[in-house]
Amino acid sequence: LRGNDGQYDTLKELFASDKQRYLPPVVGEEDDTLKPHELQVYVMALTGCIPILKDKACNGLVKTILKCSWLGRDDDFVKVFTHFLAALVSAQGSYLSPVLAMMVGKFSDSRPSVWSVPDFPEVSRETMRDRLHGTLQYLLQMFPSAVPVLENLLGSNFPFPDQSMRVHMAYVDNLLRIKKYVPLLRDEVLDLIL
């Protein structure tokens, strides 16, 4: 905000390169790669700075954070990230759509290489989906007005006919999961699938 954005850019880079494997430093050089659990500390710190993040100047950082590979890390990171998302939407309602869009965008993911993160144990497809829907369900409980936004995103993100059957199956499986905890969307989900 004061025009010195060096540290801000460094913070963005940490989240942008979150899938980079940790390499211990060479003797005599600085440690320039993030240790596996350090990103969690940054998310916790940023959750405490949400009033600053709602400033338009921090838009780029928020977008970069939303792209990080949070589903392929450990349960503690997922909890911290979920609270970050809730705080972000609570402080700035305009982030509701990008947050939900990021989550619905993951409905087509079916290969572990998409969500896995080096230096963390491999996360199964089932675990990844449980985490995704646990977070989505939590956000919908906190913000019931998000249901119509979610409904629009489900329709606009439905895979094109020329995409692989694997992508379609992943998306449909995720739609069926939504049907279980968002009864309001039951008919819309079935319409989409059919």
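Computed from a predicted structure; not experimentally measured.

Some remarks on the state of the cysteines
Evaluated as defined, the whole model comprises 0 disulfides. With no disulfide of its own, C58 has C49 as its nearest cysteine by sulfur position, at a separation of 9.3 Å. No disulfide involves C68; its nearest neighbouring cysteine sulfur is the one of C49, lying 16 Å away. According to the relative accessible area criterion, C68 is buried, its value standing at 0%.

So, the packing of helix 8 (residues 125-142) against helix 10 (residues 165-181)
Where helix 8 contacts helix 10, the two axes come as close as 11 Å, and the packing angle between them is 40°. By the angle between their directions, the pair helix 8 and helix 10 is classed as oblique. Once helix 8 is placed against helix 10, the crossing between them reads as right-handed. Together, R125, E126, R129, D130, L132, H133, L136, Q137 and L140 of helix 8 and R166, A170, D173, N174, R177, I178 and Y181 of helix 10 make up the contact between the two elements. Grouping the amino acids of the contact of helix 8 with helix 10 by side-chain chemistry returns 6 nonpolar, 3 polar and 7 charged.

Overview of the environment of I65
Its location among the elements puts I65 in helix 4 (residues 59-66). As for I65 and D191, which are separated by 126 residues in sequence, their C-alpha atoms are 33 Å apart. Every residue in contact with I65, bar those within four places of it in the chain, is listed here: F15, L46, F81 and F84.

Focus: the pattern of salt bridges
Under the defined criterion, the tally for this structure stands at 6 salt bridges. In this structure, the salt-bridge partner of R73 is D18, at a minimum N-O distance of 3.9 Å. With a gap of 55 residues between them, R73 in the loop between helix 4 and helix 5 (75-91) and D18 in the loop between helix 1 (6-16) and helix 2 (38-47) connect regions that are remote in the sequence. Owing to a relative accessible area of 4%, R73 belongs among the buried residues under this scheme. A relative accessible area of 7% places D18 in the buried class. R177 is the salt-bridge partner of E126, the closest N and O atoms lying 2.8 Å from each other. Taken as a pair, E126 in helix 8 and R177 in helix 10 lie far apart in primary sequence, 51 residues in all.

Cut-off values and rules
- Residues numbered from 1 in each chain as written.
- Predicted model: local features only at pLDDT ≥ 70, side-chain atom pairs only at ≥ 80, totals over all residues.
- Heavy atoms only, no water.
- Disulfide = S-S within 2.5 Å.
- Buried < 20%, exposed > 50% of the residue type's maximum accessible area, 1.4 Å probe, protein only.
- Axes fitted to C-alpha atoms, helices over the stretch in contact; angles between N-to-C directions.
- Helix = DSSP H or I, 4+ residues; strand = E, 2+ residues; numbered from the N terminus.
- Parallel < 35°, antiparallel > 145°, perpendicular 65-115°, else oblique.
- Left-handed = near helix turned anticlockwise from the far one by under 90°.
- Contact = heavy atoms within 4.5 Å.
- Nonpolar A, V, L, I, M, F, W, Y, C, P; charged D, E, K, R; others polar.
- Salt bridge = Lys/Arg side-chain N within 4 Å of Asp/Glu carboxyl O.

By themselves, these figures tell us nothing about what the structure is for.
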